[in-house]
Amino acid sequence: MAGLQQTNSEKILLSWVRQSTRNYPQVNVINFTSSWSDGLAFNALLHSHRPDLFDWNAVASQQSPVQRLDHAFNVARQHLGIEKLLDPEDVATACPDKKSILMYVTSLFQVLPQQVTMEAIREVEMLPRHSRVTREGHIQVHHQQRFSQEVSCFTFLLLSCCSEVAVSLTYPLSLML
């Protein structure tokens, strides 16, 4: 059951990120690993919610990945109170640690507006899924649960981890029943 909850919460979190960074053509977040390594996604996520904090074009065009990551982590620390949990050098790799990225993005989710539309969720559902090859060489594809179960699991995880966080998702109330 824990694996199911993680998958569902990742989908909601990825939907939020994609929706938040939609207006940044240089950014295409499709996962919680390589999509973050150049630093653009972190900065776009911050800038989409707080454009008053920095000049997007200056950060996007004039800095290296390590500098962009350092910039995002410093802005988040100084203006949002999020500790610098990641080292830019550890993220600026071909495949940064997924759990570390998830932890940091979840920290951003807790302090930034959390509107997630049905359209954003459907978009994430259409992304290529990762599959796993078993010892026998068969490919197992993980089946998705209904959206209502995803939201319930995600809400449960957020509320159990951060009871003070109010999650505001835009979706029909009937899906929660």
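The structure contained in this document is the topic of the report that follows. This one's a predicted model, so the numbers in the text were calculated from it and none came from an experiment.

### Focus on the overall build of the chain
No. 1: Scanning the chain from N- to C-terminus turns up eight helices and two strands.
No. 2: Counting the 177 residues in the chain, one finds 44% classified as buried.
No. 3: Accessible area for the chain stands at about 9,800 Å²; split by element, carbon and sulfur atoms hold 52% of it.

### Examining the side chain of Arg-68
No. 1: Relative to the elements of secondary structure, Arg-68 occurs in helix 4 (residues 65–80).
No. 2: One buried charged side chain, Arg-68, makes no salt bridge at all; its nearest oppositely charged neighbour is Asp-38, positioned 4.9 Å away.
No. 3: Within the local environment of Arg-68, its side chain forms a polar contact with the backbone oxygen of Gln-63, the two atoms lying 2.5 Å apart.
No. 4: Look past the residues within four positions of Arg-68 in its chain and what remains in contact with it is Asp-38, Gly-39, Leu-40, Asn-43, Val-59, Ala-60 and Gln-63.

### Structural notes on the packing of helix 2 (residues 40–49) against helix 6 (residues 98–111)
No. 1: Contact geometry for helix 2 and helix 6: axes closest at 11 Å, N-to-C directions at 10°. Between helix 2 and helix 6, the angle falls in the class roughly parallel. Together, Phe-42, Leu-45 and Leu-46 of helix 2 and Ile-101, Tyr-104, Val-105 and Leu-108 of helix 6 make up the contact between the two elements.
No. 2: Among the residues making up the contact of helix 2 with helix 6, the classes are represented as seven nonpolar, no polar and no charged.

### Points about the pattern of salt bridges
No. 1: Throughout the structure, instances matching the rule amount to three salt bridges.
No. 2: Between Asp-52 and Arg-50 there is a salt bridge whose closest N-O contact spans 3.0 Å.
No. 3: Across the pair Lys-84 and Asp-70 runs a salt bridge whose closest N-O atoms are separated by 2.5 Å. With Lys-84 in the loop between helix 4 and helix 5 (88–91) and Asp-70 in helix 4, the pair connects residues that are 14 residues apart, well separated along the chain.

### What about helix 2?
No. 1: Among the 10 residues of helix 2, eight are classified as buried, and the element is accordingly described as predominantly covered.
No. 2: Every buried residue of helix 2 is listed here: Leu-40, Ala-41, Phe-42, Asn-43, Ala-44, Leu-45, Leu-46 and His-47.

### As for the nonpolar core
No. 1: The biggest cluster of nonpolar side chains holds 41 residues, and the ones touching the most others in it are Trp-16, Trp-36, Phe-42, Val-105 and Leu-108.
No. 2: At the level of elements, helix 1 (2–20), helix 2, helix 3 (56–62), helix 4, helix 6 and helix 7 (118–125) are the ones that each hand at least two residues to this core.
No. 3: For Phe-42, the residues in contact, after removing those within four places along its chain, are Trp-36, Leu-69, Ala-72, Phe-73, Leu-86, Val-91, Ile-101, Tyr-104, Val-105 and Leu-108.

### Overview of helix 4
Because an α-helix packs 3.6 residues into every turn, residues spaced three or four apart end up facing the same way.
No. 1: Between its terminal C-alpha atoms helix 4 stretches 21 Å, which fits the 22 Å expected from 16 residues at 1.5 Å a residue.
No. 2: Those residues of helix 4 that fall on the buried side of the exposure criterion are Arg-68, Leu-69, His-71, Ala-72, Phe-73, Asn-74, Val-75, Ala-76 and Leu-80.
No. 3: On its buried side, helix 4 packs onto helix 2, helix 3, helix 5 and helix 6.
No. 4: With its phi angle positive at about 75°, Gly-81 sits one or two positions after the end of helix 4.

Here is what the cut-offs are and how they apply
Residues numbered from 1 in each chain as written. Predicted model: local features only at pLDDT ≥ 70, side-chain atom pairs only at ≥ 80, totals over all residues. Heavy atoms only, no water. Helix = DSSP H or I, 4+ residues; strand = E, 2+ residues; numbered from the N terminus. Buried < 20%, exposed > 50% of the residue type's maximum accessible area, 1.4 Å probe, protein only. Areas by Shrake-Rupley, 256 points an atom, 1.4 Å probe, with all protein chains shown as cover. Lys, Arg positive; Asp, Glu negative; His and termini not counted. Salt bridge = Lys/Arg side-chain N within 4 Å of Asp/Glu carboxyl O. Polar contact = N/O pair within 3.5 Å; in protein donor to acceptor, adjacent residues only side chain to side chain. Contact = heavy atoms within 4.5 Å. Axes fitted to C-alpha atoms, helices over the stretch in contact; angles between N-to-C directions. Parallel < 35°, antiparallel > 145°, perpendicular 65-115°, else oblique. Nonpolar A, V, L, I, M, F, W, Y, C, P; charged D, E, K, R; others polar. Core = buried A, V, L, I, M, F, W, Y, C linked by side-chain atoms within 4.5 Å. Expected span 1.5 Å × (residues − 1).

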